Amino acid sequence: MTNEFRLIGLTGGIGSGKSTVAGLIARRGVPVLDADVLAREAVEPGRPAFAEIARVWPGVVAPDGHIDRKRLGAIVFADPAARARLEAILHPQIAALARGRAADLARAGHRLAFYEASLLVETGRYRELDGLVVVDAPDEQRIARVAARSGLTADEVRARIAAQLPMADKRRVATHVIENDGDLASLDAKVATMLKALG
């Protein structure tokens, strides 16, 4: 990236509130690229990642010809080797899409944007960015949030948390940490402070 345009990573653990932070950033007029949206695009029929996933796990192709993301998620969350294989297929494709979108934003005159992704630290991708914001929250709040929105049990949420890199490791490489331990107004104020610090 050039000095005129900065792409800042935005990450956190499951249920930490990074998507809420992303929404608050976007409401202030700063673009946010969402890796989950790019991941859905990457697995559309006709894309290289779709063909590779269909070859490795033919059972996850739904009757409508698309990837059944829930079925694929059940496989990879239960098997670390399968998860690593999926990440090896998807991450280069998602990164390429993100680079293209960031270049579009820079050409459009934006000077700052965020890239929201769960695995920026795990993949080392944060090193390619111009900073890293980590959103964190107490474990019990994270478990309650995810259980409420997903229908997963508390134990299933704990298993997903355990499958992720510890938050301490993410915090260690952050340029900014946002503690999401209060209400929405408190979180919005923290986002405003962070954006002001980024200039």
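Structure: see above.
Remember, it's a predicted structure, so these values are computed and weren't measured experimentally.

Each value, and the rule that gives it
- Residues numbered from 1 in each chain as written.
- Predicted model: local features only at pLDDT ≥ 70, side-chain atom pairs only at ≥ 80, totals over all residues.
- Heavy atoms only, no water.
- Helix = DSSP H or I, 4+ residues; strand = E, 2+ residues; numbered from the N terminus.
- Rg over C-alpha atoms; globule rule 2.2 N^0.38 Å.
- Buried < 20%, exposed > 50% of the residue type's maximum accessible area, 1.4 Å probe, protein only.
- Contact = heavy atoms within 4.5 Å.
- Areas by Shrake-Rupley, 256 points an atom, 1.4 Å probe, with all protein chains shown as cover.
- Lys, Arg positive; Asp, Glu negative; His and termini not counted.
- Charge placed at Lys NZ, Arg CZ, Asp CG, Glu CD.
- Pairing = 2+ DSSP bridges.
- Axes fitted to C-alpha atoms, helices over the stretch in contact; angles between N-to-C directions.
- Parallel < 35°, antiparallel > 145°, perpendicular 65-115°, else oblique.
- Left-handed = near helix turned anticlockwise from the far one by under 90°.

Visitor: Go over the overall build of the protein chain with me, naming the residues and quoting the values.
Guide: Looking only at helices and strands, the protein chain has 10 helices and 5 strands in total. The globule rule puts the C-alpha radius of gyration for 199 residues at 16 Å, and the 17 Å found for the protein chain is close to it. Buried positions account for 41% of the 199 residues belonging to the protein chain. Counted over contacts in the protein chain with a minimum sequence separation of 6, partners at least 24 positions apart contribute 73%. As presented, the protein chain carries roughly 10,200 Å² of accessible surface, and 53% of it is formed by carbon and sulfur atoms. With 28 positive and 25 negative side-chain charges, the protein chain shows a separation of 2 Å between the mean positions of the two kinds.

Visitor: Report on the pairing of strand 1 (residues 6-12), specifying residues and quantitative values.
Guide: Successive residues of a regular strand alternate their side chains across the two faces of the sheet. Counted residue by residue, strand 1 has 6 buried out of 7 residues, so it is predominantly covered. Examined bridge by bridge, strand 1 and strand 3 (residues 112-116) share 5 bridges and lie parallel to one another. Along strand 3, the bridge assignment pairs L10 with E116. Relative to strand 4 (residues 132-136), strand 1 runs parallel, the two sharing 4 bridges.

Visitor: Residue-level account of the packing of helix 2 (residues 35-42) against helix 5 (residues 80-107), with values.
Guide: Packing of helix 2 against helix 5 leaves a shortest axis separation of 9 Å and a crossing angle of 115 degrees. The angle between helix 2 and helix 5 places the two elements in the roughly perpendicular class. Crossing handedness for the pair helix 2 and helix 5: right-handed. When helix 2 is examined against helix 5, the residues A35, L38, A39, E41 and A42 are found in contact with a partner set consisting of L90, Q93, I94, L97, A98 and R101.

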